[in-house]
Amino acid sequence: MNSSEFLAVRFEEYRPHLRAVAYRMLGSLSEADDAIQEAWLRLARSDDREIDNLGGWLTTVVGRVCLDILRARKRRGEESLEARLPDPVVGREDASDPEQQALLADSVGLALLVVLESLSPAERLAFVLHDMFGLPFEEIAPIVDRTPATAKKLASRARQRVRGAAPPPDPDPAGQRRVVDAFLSAARGGDFDALLSLLDPDVVLRADGGVLAGGLRVLRGADAVAGQAATFQRMATTATTHPALINGLAGLVNTVDGTPISVMSFTVAGGRIAGIDILADPERLARLDLASTTD
């Protein structure tokens, strides 16, 4: 094995970690893959003999690339993830793929990714790299062209914005699934009262049907969400529902004649549904790898 092949093998060892970092930074699976590819190109052009800590070096490079992408979004006035749902990471509940496990670690739900999108690029980078991946501020500071003390303040501001904005999900997957199954049963019956009993009073529903369907729709409060009983009943009785993990949380992939029509993620907190995120954009659904969940 020559040096180039050895470097490629070592890079692949870090790929799951790098993809997890990039996904949390960008909320986009395709852009995360672009960031990783750019990191590989930069590594291939570098003298790896001068890199003492390859994992740290690659994490720093991916951080810089993601920061550039976030700043470019701002400059272009690009539609933010506050106006659409992030890309969901979808897998089987019994999945053991290490790359997917890395992406799903710590149950970074779609709701949290939406909150992260409201941060400035520098705040998001400082928060993700420090709070989620434990990078010291001394290593974060050069990426954002700040002092370590300022980088720490960026993460602190981000933490204050994030705290309480997305409720932490119950840690028991089986408990989450029981609540989702109860929701599905109530939906099939169009039972408003049963739905209401399952919902947290401050539940938030986000439904993204894509540009042609008017983009992201947000409903807040148990009465408003339970008021969608007829819509839930239509979904539950006309589609085939497949249990799945969506960003580490209990969810559903819904199909009609084998074609995915929606992906639903449920945030179950305190035994009640605190958040429902629905991606029903046909164009984006077609780009997701959902085959393993619908077999």
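Further up the page is the structure itself.
Residues numbered from 1 in each chain as written. Predicted model: local features only at pLDDT ≥ 70, side-chain atom pairs only at ≥ 80, totals over all residues. Heavy atoms only, no water.

**Student:** With reference to specific residues and values, describe the overall build of the chain.
**Tutor:** A count of helices and strands for the chain gives 14 helices and seven strands. Computed over its C-alpha atoms, the radius of gyration of the chain comes to 20 Å, within 12% of the 19 Å expected for a compact globule of 295 residues. Seen through its C-alpha atoms, the chain measures out along the principal axes to roughly 65 × 45 × 35 Å. Classification of the 295 residues of the chain by burial places 51% in the buried group. (Helix = DSSP H or I, 4+ residues; strand = E, 2+ residues; numbered from the N terminus. Rg over C-alpha atoms; globule rule 2.2 N^0.38 Å. Buried < 20%, exposed > 50% of the residue type's maximum accessible area, 1.4 Å probe, protein only.)

**Student:** Give me the packing of helix H1 (residues 3–26) against helix H6 (residues 121–132): which residues, what numbers.
**Tutor:** In contact at an axis separation of 10 Å, H1 and H6 are set at 140 degrees when each is read in the N-to-C sense. Judged by the inter-axis angle, H1 sits oblique to H6. When you trace H1 past H6, the crossing you get is right-handed. Contacts between H1 and H6 involve Val21, Arg24, Met25 and Leu26 from the former and Arg124, Leu125, Val128, Leu129 and Met132 from the latter. Residues belonging to the contact of H1 with H6 are distributed by class as follows: seven nonpolar, no polar and two charged. (Axes fitted to C-alpha atoms, helices over the stretch in contact; angles between N-to-C directions. Parallel < 35°, antiparallel > 145°, perpendicular 65-115°, else oblique. Left-handed = near helix turned anticlockwise from the far one by under 90°. Contact = heavy atoms within 4.5 Å. Nonpolar A, V, L, I, M, F, W, Y, C, P; charged D, E, K, R; others polar.)

**Student:** How would you explain the layout of surface pockets if you had to name every residue and give the values?
**Tutor:** Approximately 630 Å³ is the volume found for the second largest pocket. If you trace the second largest pocket, you find 32 residues lining it, with Ala111, Leu112, Ala165, Ala166 and Pro167 closest to the centre. Mapped onto the lining of the second largest pocket, the elements with two or more residues apiece are helix H5 (110–117), H6, strand S2 (199–208), strand S3 (216–220) and strand S7 (272–279). Among the elements that line the lining of the second largest pocket, the one with the most residues is H5, at five residues. Considered class by class, the residues forming the lining of the second largest pocket number 18 nonpolar, five polar and nine charged. (1 Å grid on protein atoms, 1.4 Å probe; cavity = no way out; pocket = protein on both sides within 12 Å on 5 of 7 lines; lining within 4 Å. Points joined across faces, edges and corners; volume = space filled by probe spheres on them.)

**Student:** Before we move on, can you summarise the pairing of S7 with the specific residues and values?
**Tutor:** With seven of its eight residues buried, S7 lies for the most part within the structure. As defined by bridge partners, strand S6 (residues 259–269) adjoins S7 across seven bridges and the pair is classed as antiparallel. Pairing of Val268 across the sheet is with Ile273, part of S7. Counting the residues in the hairpin turn of S6 and S7 gives two residues, including Gly270, whose phi is positive at 65 degrees. (Pairing = 2+ DSSP bridges.)

**Student:** Go over the environment of Gly221 with me, naming the residues and quoting the values.
**Tutor:** Counting through the fold element by element, Gly221 comes out in the loop between S3 and helix H11 (222–226). Relative accessible area serves as the criterion here: at 16%, Gly221 is assigned to the buried category. Spatially, the C-alpha atom of Gly221 lies 5.6 Å from that of Pro201, the residues being 20 residues apart in sequence. Leave out the neighbours within four places in its chain, and Gly221 touches Pro201, Asp202 and Val203.

**Student:** Hey, could you go over the pattern of salt bridges for me, with residue numbers and the actual values?
**Tutor:** Evaluated as defined, the whole model comprises 14 salt bridges. Between Arg284 and Asp208 there is a salt bridge; the shortest N-O distance is 3.2 Å. Residue Arg284 is located in helix H13 (residues 282–287), and its partner Asp208 is located in strand S2; the two are separated by 76 residues in the primary sequence. For the pair Arg284 and Asp208, a shared accessibility class is recorded, and that class is buried. A network of salt bridges, in which partner residues are shared, links Glu31, Arg73, Glu117 and Arg124. (Salt bridge = Lys/Arg side-chain N within 4 Å of Asp/Glu carboxyl O.)

**Student:** Please set out the packing of aromatic side chains residue by residue, giving values where relevant.
**Tutor:** Within the structure shown, the criterion is met by three aromatic pairs. Taken together, a centroid distance of 5.2 Å and an interplanar angle of 55 degrees make the contact between Phe11 and Trp40 tilted. Remark: Trp40 occurs in helix H2 (residues 29–44) and Phe11 occurs in helix H1; sequence separation between them is 29 residues. Taken together, the ring pairs in this structure connect Phe183, Phe232 and Phe266 into an aromatic cluster. (Phe/Tyr/Trp six-rings, centres within 6.5 Å; stacked < 30°, edge-to-face > 60°.)

**Student:** Can you lay out helix H12 (residues 229–238) for me, pointing to particular residues and giving the numbers?
**Tutor:** Within H12, the full set of buried residues consists of Ala229, Phe232, Met235 and Ala236. Axial view of H12: buried residues confined to an arc of 125 degrees, hence all on one face. Exposed residues on H12 whose side chains face more than 90 degrees from its buried face are Arg234 and Thr238. (Arc of directions from axis to C-beta.)

**Student:** Explain the sheet that holds S2 to me, and be specific about the residues and the numbers.
**Tutor:** On the basis of which strands lie adjacent, the open sheet formed by seven strands has the order S1-S4-S5-S6-S7-S2-S3 and mixed pairing. Where the open sheet ends on each side, the last strands, each with one partner, are strand S1 (90–91) and S3. With six bridges connecting them, S2 and S7 associate as parallel partners. Considered in S7, the bridge of Ala207 is made with Ile278. Together, strand S4 (240–246), strand S5 (249–256), S6 and S7 form the strand contacts of helix H9 (residues 173–188), whose direction differs from that of S5 by roughly 35 degrees.

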